[in-house]
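One letter stands for each residue in the lines below.
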Amino acid sequence: MRHLMSPLDFTTQELDKLFDLAGDIERNPGKYAHACDGKILATCFYEPSTRTRLSFESAMTRLGGRVIGFSDANSSSAAKGESVSDTIRVISCYADICAMRHPKEGAPMVAAERSGIPVINAGDGGHQHPTQTLTDLLTIRSLKGSLGGFTIGLCGDLKFGRTVHSLIHALIRYDNIRYLFISPEELRVPDYITDMLRGRGIPFREVIRLEDVMPDLDLLYMTRVQKERFFNEEDYVRLKDFYILDAQKLARAKDDMLILHPLPRVNEISVEVDDDPRAAYFKQAQYGVYVRMALILTLLELA
Ligand code: NCD
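Remember, it's a predicted structure, so these values are computed and weren't measured experimentally. (Residues numbered from 1 in each chain as written. Predicted model: local features only at pLDDT ≥ 70, side-chain atom pairs only at ≥ 80, totals over all residues. Heavy atoms only, no water.)

Some details on the overall build of the protein
And then number 1: Across its full length, the protein carries 11 helices and 9 strands.
And then number 2: Whereas a compact globule of 303 residues would reach a radius of gyration of roughly 19 Å, the protein reaches 19 Å, a difference of no more than 12%.
And then number 3: Dimensions along the principal axes, computed over C-alpha positions, put the protein at roughly 55 × 45 × 40 Å.
And then number 4: Here the protein holds 303 residues, and the buried ones make up 56% of them. (Helix = DSSP H or I, 4+ residues; strand = E, 2+ residues; numbered from the N terminus. Rg over C-alpha atoms; globule rule 2.2 N^0.38 Å. Buried < 20%, exposed > 50% of the residue type's maximum accessible area, 1.4 Å probe, protein only.)

Below, the structure written as C-alpha cells:
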C-alpha cells in the first residue's frame with residue numbers, strides 16, 4: 001500500500017506517468033466517470049481549507065466515488081482528545097482512501113503508519129503540501145511545456161509557506177532551474193532549504209524587491225503571508241502587504257511569464273491582474289482537480 005507524504009515519494013518517471021494520466025483525464029473526462037464507482041474517500045481536515053478539500057471532493061465525485069469526512073477538528077473526535085492514529089484506524093473501516101490536513105507537522109505520517117488505507121498528506125503545518133506541488137508541476141508542465149530550463153521567482157511568505165517548501169523540494173530533481181527567493185528579511189526561506197540547495201550546487205539568489213528581478217522571471221509563484229502561523233498580530237500587520245503585484249509591476253515582466261499562486265489570495269495580487277493572459281492561478285486550480293483524480297486512481301491501483 002502506498003501513501004503520499006512528500007512530492008519526493010514519486011520518482012520523476014512516476015510523476016510523468018501521473019501527469020500523463022491527468023492529461024488524459026482532462027481530454028477524456030467521460031472515460032473516467034465511473035472509475036471509482038463504489039469507492040469512498042475520507043477527507044479528514046483538522047485545519048481550514050476550501051480549495052484542497054473541495055478539489056479532493058470534486059476529484060472523487062468526478063471519478064464516480066463518494067466522499068465522507070470532516071472539515072473542522074472541533075466537529076471530529078479530536079475535540080474529545082482522540083489521537084490521529086486511532087482516528088485513522090477507524091476511518092480505515094469506513095473508507096478506501098483518506099486525504100488528511102493537520103496543523104501539526106508530520107501528523108499525516110503518523111496516521112499513515114497506523115492506516116489500513118492509503119493516506120494523502122493534504123498539508124501538514126508549515127511543512128509540506130504535496131498535492132499542491134503536484135498541481136503546480138502539472139500546471140508548469142502543461143503551460144510551459146517542460147519541467148526545467150527556467151527561472152522561477154518565489155515571492156511572499158517563504159518562511160511559513162508550505163507550498164513553497166514542497167515545490168522547491170520537487171523542482172530540485174529537474175535540470176537547469178534558477179531560483180530567485182523574493183521575501184522580506186523576516187520571511188526568508190528556511191535555512192534547511194538554502195543549505196540543501198548549496199549542498200547540491202543549485203544556484204539561487206535571495207532578494208527583497210520584486211521589481212528588481214521581474215524582467216528575469218519565466219515563472220512567478222506568489223504566496224500569501226500565512227497569518228495563522230505568526231506568533232504575533234503586529235508582525236503580520238507589518239508584513240501582510242509587503243508585495244502587491246499589479247499591472248504596473250507586471251509591465252516589466254516577460255510577455256510569456258506565468259503567474260502562479262496556490263490560492264487563497266489575500267492582497268498580494270491585485271484583481272486587475274486576473275485579466276492578464278499571464279495570470280494562470282485559476283487554471284492552476286483546475287489542474288489541481290485533474291491531478292488529484294490521477295492520484296486517487298494511482299493510489300487505489302485503478303490506473
Ligand atoms: C495553500 C495551503 O493551504 O498551504 N492553499 C492551498 O492549499 N491551495 C496556500 C495557503 O493557504 O496560503
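From this point, things continue past the structure.
Section: the packing of aromatic side chains
And then number 1: Per the stated rule, a full pass over the model turns up 8 aromatic pairs.
And then number 2: Ring centres 5.4 Å apart and planes at 50° place the aromatic pair Phe160 and Phe230 in the tilted group. Note that Phe160 is positioned in the loop between β5 (150-155) and α6 (162-171) and Phe230 in the loop between β8 (219-222) and α9 (233-239), a separation of 70 residues in sequence.
And then number 3: Through pairs of rings, three or more aromatic residues link up here, namely Phe160, Phe230 and Tyr236.
And then number 4: A cation over an aromatic ring shows up here: Arg292 above the ring of Phe56, its NZ or CZ 5.0 Å from the ring centre. (Phe/Tyr/Trp six-rings, centres within 6.5 Å; stacked < 30°, edge-to-face > 60°. Lys NZ or Arg CZ within 6 Å of the ring centre and 35° of its normal.)

Describing the domain arrangement of the protein
And then number 1: Per the domain assignment, the segments of the protein are domain 1 (7-128 + 286-299) and domain 2 (131-284).
And then number 2: Inter-centroid distance (C-alpha atoms) of domain 1 to domain 2 is 25 Å.
And then number 3: Taken together, the contact pairs 31 residues of domain 1 with 27 residues of domain 2.
And then number 4: In this assembly, domain 1 packs against domain 2 so that about 2,400 Å² is buried in total across both faces, 57% of it on carbon and sulfur atoms.
And then number 5: The largest share of the area that domain 1 buries against domain 2 comes from Phe19, Arg51 and Tyr287, three residues that together contribute 29% of it.
And then number 6: One can count 4 salt bridges joining domain 1 with domain 2.
And then number 7: With its nearest N and O atoms 3.1 Å apart, the salt bridge here joins Glu47 to Arg162.
And then number 8: At the surface where domain 1 touches domain 2, the tally comes to 17 residue pairs in polar contact (both at pLDDT 80 or more).
And then number 9: Every element with two or more residues in the side of domain 1 that touches domain 2 is listed here: α1 (12-27), α2 (51-62), β4 (119-124) and α11 (281-299).
And then number 10: Considering only residue class, the side of domain 1 that touches domain 2 consists of 13 nonpolar, 11 polar and 7 charged. (Domains from an automatic or database assignment. Contact = heavy atoms within 4.5 Å. Buried area = accessible area lost by both parts, 1.4 Å probe. Salt bridge = Lys/Arg side-chain N within 4 Å of Asp/Glu carboxyl O. Polar contact = N/O pair within 3.5 Å; in protein donor to acceptor, adjacent residues only side chain to side chain. Nonpolar A, V, L, I, M, F, W, Y, C, P; charged D, E, K, R; others polar.)

Notes on the site of the ligand
And then number 1: Around the ligand, a shell composed of Arg51, Thr52, Arg101, His129, Gln132, Arg162, Thr163, Arg224, Gln226, Pro262, Leu263 and Pro264 is seen.
And then number 2: Here the ligand loses 94% of its free accessible area of 320 Å² to cover by the protein chains.
And then number 3: Those elements that provide at least two residues to the shell around the ligand are α2 and α6.
And then number 4: Looking at the shell around the ligand residue by residue, the classes come out as 3 nonpolar, 5 polar and 4 charged.
And then number 5: For the shell around the ligand, the domains that each give at least three residues are domain 1 (7-128 + 286-299) and domain 2 (131-284). (Near = heavy atom within 4 Å. Areas by Shrake-Rupley, 256 points an atom, 1.4 Å probe, with all protein chains shown as cover.)

Brief notes about α6
And then number 1: Counting buried residues along α6, 10 of its 10 residues qualify, which places the element largely inside the surrounding structure.
And then number 2: By the burial criterion, the buried members of α6 are Arg162, Thr163, Val164, His165, Ser166, Leu167, Ile168, His169, Ala170 and Leu171.

Remarks on the nonpolar core
Generally speaking, nonpolar side chains in soluble globular proteins are found buried as a group.
And then number 1: Counting residues in each nonpolar core, the largest one holds 61 residues, and the members touching the most others are Leu154, Ile168, Tyr179 and Leu197.
And then number 2: Counting residues per element, this core draws most heavily on α11, at 10 residues.
And then number 3: Structurally, this core is a two-domain feature, drawing no fewer than three residues from each of domain 1 (7-128 + 286-299) and domain 2 (131-284).
And then number 4: When sequence neighbours within four positions are dropped, the list of residues in contact with Tyr179 reads Ile152, Leu154, Ile168, Leu171, Ile172, Leu197, Ile202, Pro203, Phe204 and Arg205. (Core = buried A, V, L, I, M, F, W, Y, C linked by side-chain atoms within 4.5 Å.)

Some words on the environment of Tyr179
And then number 1: Examined against the element boundaries, Tyr179 turns out to sit in strand β6 (residues 177-182).
And then number 2: Judged by its relative accessible area of 3%, Tyr179 is buried.
And then number 3: It is 26 Å that separates the C-alpha atoms of Tyr179 and Lys17, two residues lying 162 residues apart in sequence.

A look at the sheet that holds strand β9 (residues 258-260)
And then number 1: With parallel pairing, the 5 strands of this open sheet are ordered in space as β7-β6-β5-β8-β9. The open sheet has two edge strands with one neighbour each: β7 (204-207) and β9. Sheet twist, expressed as the mean angle between neighbouring strand axes with direction ignored, is 20°.
And then number 2: Where β5 meets β8, 4 bridges bridge the pair, whose relative direction is parallel. Counterpart to Ile152 in the pairing with β8 is Leu219.
And then number 3: The sheet strands contacting α6 are β5, β6 and β8, and the helix crosses β5 at an angle near 160°. (Pairing = 2+ DSSP bridges. Axes fitted to C-alpha atoms, helices over the stretch in contact; angles between N-to-C directions.)

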